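One letter stands for each residue in the lines below.
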Amino acid sequence: MQPHILVTRRIFPETIERLRAHAVVDWHDADTPLSPAELVQRLQGKVAVLGSSTERFDAELLAQCPQLKAVCLLTVGYNNVDLAACAERGVAVSHAPDVLTETTADFGFALMLAAARRVSESEHFLRAGRWGDWSIDLFAGAEVHGRVLGVLGMGRIGQAIARRAHRGFDMPVLYSNRSPLPAQREAELGARWVDRSTLLQQSDHVMVVTPYTPQTHHLVGAAELALMKPTATLTNIARGGVVDDAALAQALSEGRLAAAGLDVFEGEPEVHPALLRCANVVLTPHIASATQGTRRAMCEVAADNLIAALHGQPLPTPVPGS
Ligand code: 8YV
């Protein structure tokens, strides 16, 4: 008899077909997320789940789903999973690192460039029919090449961003991380470890790429924003909550920061209304990993892990420490 599994959202049909060779698949083939109660209900009798970052797999849920043995995320971030509760109940947890690194780094760079060079603002101006005469400082923005990039969080994606900055844009890179990289890796990336305050004070562009944990909640808040140059930009492709969106909106509207690029928000899909009122912020709906190829690859990694779990094999990409 085949085991029963749940897929919590619309993903690519070919991944579902693959899973169907190994399990009876209950597929929530929709973009509307399951509510916590629906998730618990749909998980009854399921041994594994293929999920995303929008469901919470916490102690309360696990207690109500005793048959569940594997949570396989199609995302790299796993802050929505209570790892301690999973470990306690013997639930294996996997995520999807690597396959989205370069795509997400591309997008981080795109957001930073768009914010610095005022791409959204100027496009709105043009679409509104307001483009009249050429003027010497029309949408004059912040220089990017050769300026200092500060990377908060130097994991896979942070390093991919640093490589782009160093090799393609001649940017000196400062980074702040729990522990410095080996000297050779630093040299390859043209990157130097500094404490967070130094990074914020000295960077012309700050990129937030750190995972969301209780320790990184509001890592960039009012006090940190106050350290930044008023000519600097801030880009967040990590998680909403790492940046204090209200404090950021205030800094942007008071001219204490030149611009920001945000792909993630506290309480998304809601966006802080004060951010929506700021012209100098580029806002995108959590799409940093969204290319056709990468999103397919993310689903396949989740399926690889889930199938391994069903067959009692080690998970190819377990979350660190699980
Ligand atoms: C996802 C992400 O698109 O992988 C992650 O952690 O943030 C993105 O790649 C997003 O989480 C969708 O659920």
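Procedures and definitions
Residues numbered from 1 in each chain as written. Predicted model: local features only at pLDDT ≥ 70, side-chain atom pairs only at ≥ 80, totals over all residues. UniProt positions renumbered as here; feature names shortened; annotations may be inferred. Helix = DSSP H or I, 4+ residues; strand = E, 2+ residues; numbered from the N terminus. Buried ≥ 20, exposed ≤ 12 C-beta atoms within 10 Å, placed from the backbone. Pairing = 2+ DSSP bridges. Near = placed C-beta within 6 Å. Nonpolar A, V, L, I, M, F, W, Y, C, P; charged D, E, K, R; others polar. Axes fitted to C-alpha atoms, helices over the stretch in contact; angles between N-to-C directions. Parallel < 35°, antiparallel > 145°, perpendicular 65-115°, else oblique. Contact = placed C-beta atoms within 7 Å. Core = buried A, V, L, I, M, F, W, Y, C linked by C-beta atoms within 7 Å.

- An unreviewed UniProt entry annotates the chain as 2-hydroxyacid dehydrogenase originating from Roseateles rivi.
- Within the UniProt record for the chain, the comment given under Sequence similarities (unreviewed entry) is "Belongs to the D-isomer specific 2-hydroxyacid dehydrogenase family."

1. Describing the UniProt feature "domain: D-isomer specific 2-hydroxyacid dehydrogenase NAD-binding" (unreviewed entry) in the chain
Working step 1: Mapped onto the present numbering, the UniProt feature "domain: D-isomer specific 2-hydroxyacid dehydrogenase NAD-binding" (unreviewed entry) falls on residues 109–288.
Working step 2: Note that residues 109–288 is 36% helix and 14% strand, and that its end C-alpha atoms are spaced 10 Å apart.

2. Regarding the pairing of strand 9 (residues 205–208)
Working step 1: Residue alternation in strand 9 divides its side chains into two sets, His205 and Met207 and Val206 and Val208, and both sets are buried.
Working step 2: As paired elements, strand 6 (residues 149–152) and strand 9 share 4 bridges and run parallel to each other. Note on strand 9: the bridge partner recorded for leucine 152 is valine 208.

3. Describing the site of the ligand
Working step 1: In the neighbourhood of the ligand, the contacting residues comprise Ser52, Ser53, Thr54, Thr75, Val76, Gly77, Leu100, His286 and Ser289.
Working step 2: Of the residues that constitute the shell around the ligand, the class distribution is 2 nonpolar, 7 polar and no charged.

4. Things to note about the packing of helix 1 (residues 13–20) against helix 13 (residues 292–310)
Working step 1: Two elements in contact, helix 1 and helix 13, have axes separated by 10 Å at closest approach and are oriented at 10 degrees. Between helix 1 and helix 13, the angle is such that the two are roughly parallel. Packed against helix 1, whose contacting residues are Thr15, Arg18 and Leu19, the element helix 13 presents Cys299, Glu300, Ala303 and Leu306 at the interface.

5. Some points on the sheet that holds strand 7 (residues 173–176)
Paired through backbone hydrogen bonds, the strands of a sheet run either parallel or antiparallel to each other.
Working step 1: In space, the 7 strands of this open sheet follow the order 8-7-6-9-10-11-12, with parallel pairing throughout. A single partner strand is all that each edge strand has here, and the edge strands are strand 8 (191–193) and strand 12 (281–283). Averaged over all adjacent pairs, the angle separating strand axes in this sheet is 15 degrees, with direction ignored.
Working step 2: As paired elements, strand 7 and strand 8 share 3 bridges and run parallel to each other. Residue pairing across strands places tyrosine 175 opposite tryptophan 193, the latter belonging to strand 8.
Working step 3: Its contacts with the sheet place helix 7 (residues 156–169) against strand 6, strand 7, strand 8 and strand 9, and it is angled at close to 165 degrees to strand 7.

6. Focus: the nonpolar core
Working step 1: Among the nonpolar cores identified, the biggest contains 54 residues, and Val151, Ile161 and Val173 are the most heavily contacted of them.
Working step 2: Excluding its chain neighbours within four sequence positions, the residues that come into contact with valine 151 are Gly158, Ile161, Ala162, Val173, Tyr175, Met207 and Val209.
Working step 3: With 40 residues, the next largest nonpolar core counts Cys72, Val81, Val91 and Val93 among its residues.

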